[in-house]
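Okay, here's what each chain looks like letter by letter:
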Amino acid sequence: MSVLEVRSCSIRFGGVQAARDVSLRAGEWEIVGVIGPNGAGKTTTFNIITGFYRPNEGSVWFKGRDVTGLGVHERTALGMGRTFQNVGLVKSATVRENLLTAQHLEAGYSALAGMVGLPSTFVAERRLGQRAEALAGILGLGDLLESRVAGLPYGVLKRIELAAVLATDPDLLLLDEPTSGMGPEEAHAFGATLLELRREFDLTVVMIEHHVPLVAQVCDYVYCLNFGELLAEGTPDQVRSNPEVIRAYLGQEAEEVLEPGDRGVPEVTV
Amino acid sequence: MSLEESVDAPPVVETEAPVAEPIVVEAAPSFRPGPAGWVARGLVMAAAAALVLLFPATRGNVDVHIYTQAVIFAIIGLSLNVLLGYTGQISLGHQAFVGVGAFTSAYMVTVHGQPFVAAVGMAMVVGAVQALLLGIVSLRITGLYFALVTLAYGTMAEESLFNIQKLTGGSAGQPAPKPAGFTTDLRYYYLCLAFLAVVVWVDWRLMKTKGGRALSAVRENPRVAATFGTDVKVYTLMAFVVAGVFAGLGGALLAHNDTFVVRDLFNFQLALVFVIMTVVGGLRNRTGVVIGSAFFALIGKLFDVLFENGLHIPGLKALPKEYAPIVIGPMLLLFTLTRHPGGVGQQVRPLQRWLRGGRFSFKNTHESEVRVSDVRA
């Protein structure tokens, strides 16, 4: 059964067709990559999946259920977790507070009970705190728990964000450029971390990614978008050797550089 | 809203092994005060408690009446803090929130002969309902335009709601006797203090649990809040309801403190004082808001003591003490916004840190997480 299925979604903003007939699916335990040049509609697709945008046409199915009409927080409750390109954290709060905030749906008590100060909420808060510490430990953030998020380096923020999203107890992880700002070695290390996390937390992952070696390292399946449309799909090797994909990344001239019938297609390294 | 929600217990994180290279940060050596240090802290706390609990008992009724007003202003300040501080929505119509609470309680007691508890409860319910209505508006309109809506709501209430003869007693006002058992000014002072303690408790627990964290996330970044599973609309409305309940309570207590409510009290000038005292007190800082609000309630009295015969500036008429908050307020506001955005809360931070068992230092006191731009106006 596929965990996530996007069925021919289209969305327009005024005269701009941001996504046209985009379909993609992610099976259980799969890591699916979404690639494409800037402005290809990758983040738009993510926004459709997570519910920030309602598609004009098409539908989104999550765990066998049509979620097209649900709000963002309702999809989180069903088990969608998402990171943002520009880091989705509460910046003025500490790392610990962020990890607690992310456990909003795990708290097990109502906001009113918390406000009144029922004894059970104190117990629940302690449990949430322990879970936050455990998650921080797993991602190597134990020392930073009391640090304010604002002012920490970008790479660390990305890691905190990952911990926060894991705190929402997701089944599906949507990562928007998780390695932006990282060097090749860090990106490779992130790939290992991701595989480990998938095993540990039973995750299905869809990620927008630009590091092609990382995509090849971890992804089971890759979709390539261009100008809001699906350009190619397949295994990382298939997609990366697809001439359409190469043209989208390198422009029209790339085709002319290649000899007709040339099979030694250069690797896409955008 | 049910008190207990049945939610599946979250899975315990089983693994202990880190999957990513840990980031090691050298921690500063932790500081613990010695026995003498704890005694000193205890003495300061005891002195503060004595000032609040015992000092009013040594004063006359007229003074105690003003101290009670300070306690009630603290409740109103905490009400506005929920909107201004926690959600970043400004309310320039808080005099109407408080006024409706005051008249509701007076009306229940005087016209319907209800007991004090029922009257105050009704004032809180009515406060919640009117705040909820304004909250629904705030889902559509934010920032400066929302501020204008609240301003309009306040003046509209002055001209319409407060002119309902039955509710407010017209220009003659509505009597609001003190509750049985608390008929002296001093006893009523302690009653209000108890109410303030409850409000502080609720505010503290709110911010320590999921509701408050959700509000902070919604204020800073609604998209992130939603991604973390927060229903942005529901929590925005919740903040308004909490603020409305506090304001209704504050209004009811204010009415019975004066034993008589007149509609002229609840004018726009009062709404301005409420906003100024909350901001000068320090947004999102409970202690600061309480101190700031109490200060603005006492400012008239302070003025009296300092300038017994009125403030005479050559060439100017004597300044009546009623105008003191409106003159001193903006000056303090300007100082707060430009120098100490965290208000009194920021200034007392070294002391707070020390009382909690930390070292007394002015470290980090020049910066505050409160920004002038926090308020979406």
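The rules we used
- Numbers given to residues run from 1 along each chain, matching the order in which its sequence is written.
- Chain letters and ligand numbers both follow the written order, the letters beginning at A and the numbers at 1.
- The model is predicted, so local features are restricted to residues of pLDDT at least 70 and side-chain atom pairs to those at 80 or more, both for listing and for counting; the totals for chains, interfaces and linings are taken over all residues.
- Secondary structure counts use DSSP, requiring at least four H or I residues in a row for a helix and at least two E residues in a row for a strand, with both numbered from the N terminus.
- Exposure classification rests on a simple neighbour count of other C-beta atoms within 10 Å of a residue's own: a residue reaching 20 or more is buried, one at 12 or fewer is exposed, and one in between is partly exposed. C-beta atoms are placed from the backbone.
- Whether two residues are in contact is decided by their C-beta atoms, placed from the backbone, lying within 7 Å.
- Only strands joined by at least two bridges in the DSSP assignment are considered to pair.
- Domain start and stop positions are those given by an automatic or database domain assignment.
- With axes taken as lines fitted to C-alpha atoms, and helix axes fitted only over the stretch in contact, angles between N-to-C directions fall between 0 and 180 degrees.
- These descriptions rest on fixed angle ranges, namely under 35 degrees for roughly parallel, over 145 for roughly antiparallel, 65 to 115 for roughly perpendicular, and the rest for oblique.
- Residues were grouped as follows: Ala, Val, Leu, Ile, Met, Phe, Trp, Tyr, Cys and Pro as nonpolar; Asp, Glu, Lys and Arg as charged; and all remaining residues, including Gly, as polar.
- Take the buried Ala, Val, Leu, Ile, Met, Phe, Trp, Tyr and Cys residues, join any whose C-beta atoms are within 7 Å, and the set you get is a nonpolar core.

Regarding its fold elements, chain B presents 15 helices and two strands. Put simply, chain B has 377 residues, and 44% of those count as buried. Restricting the contact set of chain B to residue pairs at least 6 apart, pairs at least 24 apart contribute 79%.

This part is about the pairing of strand 9 (residues 221-226) of chain A. One face of the sheet, then the other: side chains in a regular strand alternate in exactly this way. Residue and element names in this part refer to chain A. Counting buried positions along strand 9 gives five out of six residues, so the element sits mostly inside the fold. Pairing geometry for strand 3 (residues 31-35) and strand 9, over four bridges, is parallel. Pairing of Val 34 across the sheet is with Tyr 223, part of strand 9. As consecutive antiparallel partners, strand 9 and strand 10 (residues 229-234) are separated by two residues, and within that stretch Phe 227 has a phi angle of approximately 50°, a positive value.

Here we take up the environment of Arg96(A). Residue and element names in this part refer to chain A. Residue placement: Arg 96 occurs in helix 3 (residues 95-101). Each C-alpha atom, one on Arg 96 and one on Glu 146, is 6.1 Å from the other, the two residues being 50 residues apart in sequence. Not counting residues up to four positions away in its chain, the partners in contact with Arg 96 are Ala 132, Leu 145 and Glu 146.

Now for unusual backbone geometry. All names here are of chain A. With a phi angle near 30°, Ser 8 is a residue other than glycine that sits in the positive phi range. Looking at the element boundaries, Ser 8 is found in strand 1 (residues 2-13). Under the C-beta neighbour-count criterion, Ser 8 is labelled partly exposed, with 14 such atoms within 10 Å.

Let's shift gears to the sheet that holds strand 1 of chain A. Residue and element names in this part refer to chain A. If you walk across this open sheet you meet the four strands as 2-1-4-5, and the pairing is antiparallel. The sheet is open, and its two edges are formed by strand 2 (16-27) and strand 5 (65-66), each paired on a single side. As defined by bridge partners, strand 1 adjoins strand 4 (residues 57-62) across five bridges and the pair is classed as antiparallel. Bridge pairing in strand 4 places Leu 4 opposite Phe 62.

What follows is about the domain arrangement of chain A. All names here are of chain A. What the domain assignment lists for chain A is domain 1 (1-79 + 170-270) and domain 2 (93-167). With centres defined by C-alpha atoms, the gap from domain 1 to domain 2 works out at 29 Å. Tallying the contact residues gives nine residues for domain 1 and six residues for domain 2. Elements with a minimum of two residues in the side of domain 1 that touches domain 2: helix 2 (72-78) and helix 7 (184-201).

Let us look at the sheet that holds strand 9 of chain A. Residues and elements named next belong to chain A. Here six strands make up an open sheet; going across it, the order is 6-7-8-3-9-10 and the pairing mixed. Single-partner strands in this sheet number two, and they are strand 6 (80-82) and strand 10. Direction aside, the axes of adjacent strands within the sheet are offset by 15° on average. Pairing of strand 9 with strand 10, which is carried by five bridges, proceeds in the antiparallel orientation. Paired with Cys 224 across the bridge in strand 10 is Ala 232. Each of strand 3, strand 6, strand 7 (172-176), strand 8 (204-208) and strand 9 touches helix 1 (residues 42-50); the most contacted strand, strand 7, lies at about 150° to it.

Time to look at the packing of helix 2 (residues 61-87) of chain B against helix 10 (residues 232-258) of chain B. Residue and element names in this part refer to chain B. One can describe the packing of helix 2 onto helix 10 by two numbers: an axis separation of 9 Å at closest approach and a directional angle of 170°. Viewed along their axes, helix 2 and helix 10 adopt a mutual orientation that is roughly antiparallel. Looking at the contact of helix 2 with helix 10, its residues break down into 16 nonpolar, eight polar and no charged.

The biggest cluster of nonpolar side chains holds 176 residues, and the ones touching the most others in it are Leu99(A), Ala163(A), Ile75(B), Ala239(B), Ala243(B), Phe246(B) and Leu249(B). Sort the elements by how many residues they give to this core and helix 2 of chain B lands first, with 15 residues. Split by domain, this core shows at least three residues from each of two domains, domain 1 (1-79 + 170-270) and domain 2 (93-167) of chain A. If we ignore the near neighbours within four places in the chain, the residues touching Ala239(B) are Val82(B), Leu83(B), Tyr86(B), Thr87(B) and Leu215(B).

With that settled, the discussion passes to the interface of chain A and chain B. Listed by partner, the interface residues are 52 residues for chain A and 45 residues for chain B. Broken down by secondary-structure element, the contributors of at least two residues to the side of chain A that touches chain B are helix 2, helix 3, helix 4 (111-116), helix 5 (119-138), helix 6 (154-167) and helix 7 of chain A. Looking at which element gives the most residues to the side of chain A that touches chain B, the answer is helix 5 of chain A, with seven residues. Taken together, the residues that form the side of chain A that touches chain B break down as 25 nonpolar, 16 polar and eleven charged.

The next thing to look at is the environment of Val206(A). All names here are of chain A. Tracing the sequence through the fold places Val 206 in strand 8. Put simply, Val 206 and Phe 46 are 160 residues apart on the chain and 9.2 Å apart in space, counted from C-alpha to C-alpha. Apart from residues no more than four positions distant in its own chain, Val 206 is found in contact with Leu 4, Ala 26, Val 32, Val 34 and Leu 174.

All names here are of chain B. Interhelical geometry of helix 8 (residues 210-220) versus helix 10 gives an angle of 110° and a closest axis separation of 10 Å. As judged from the angle between their axes, helix 8 and helix 10 are roughly perpendicular. Residues Gly 211, Ala 214, Leu 215 and Val 218 of helix 8 touch helix 10, and the partners they reach there are Val 232, Tyr 235, Thr 236, Met 238 and Ala 239. Residues of the contact of helix 8 with helix 10, tallied by class, amount to seven nonpolar, two polar and no charged.

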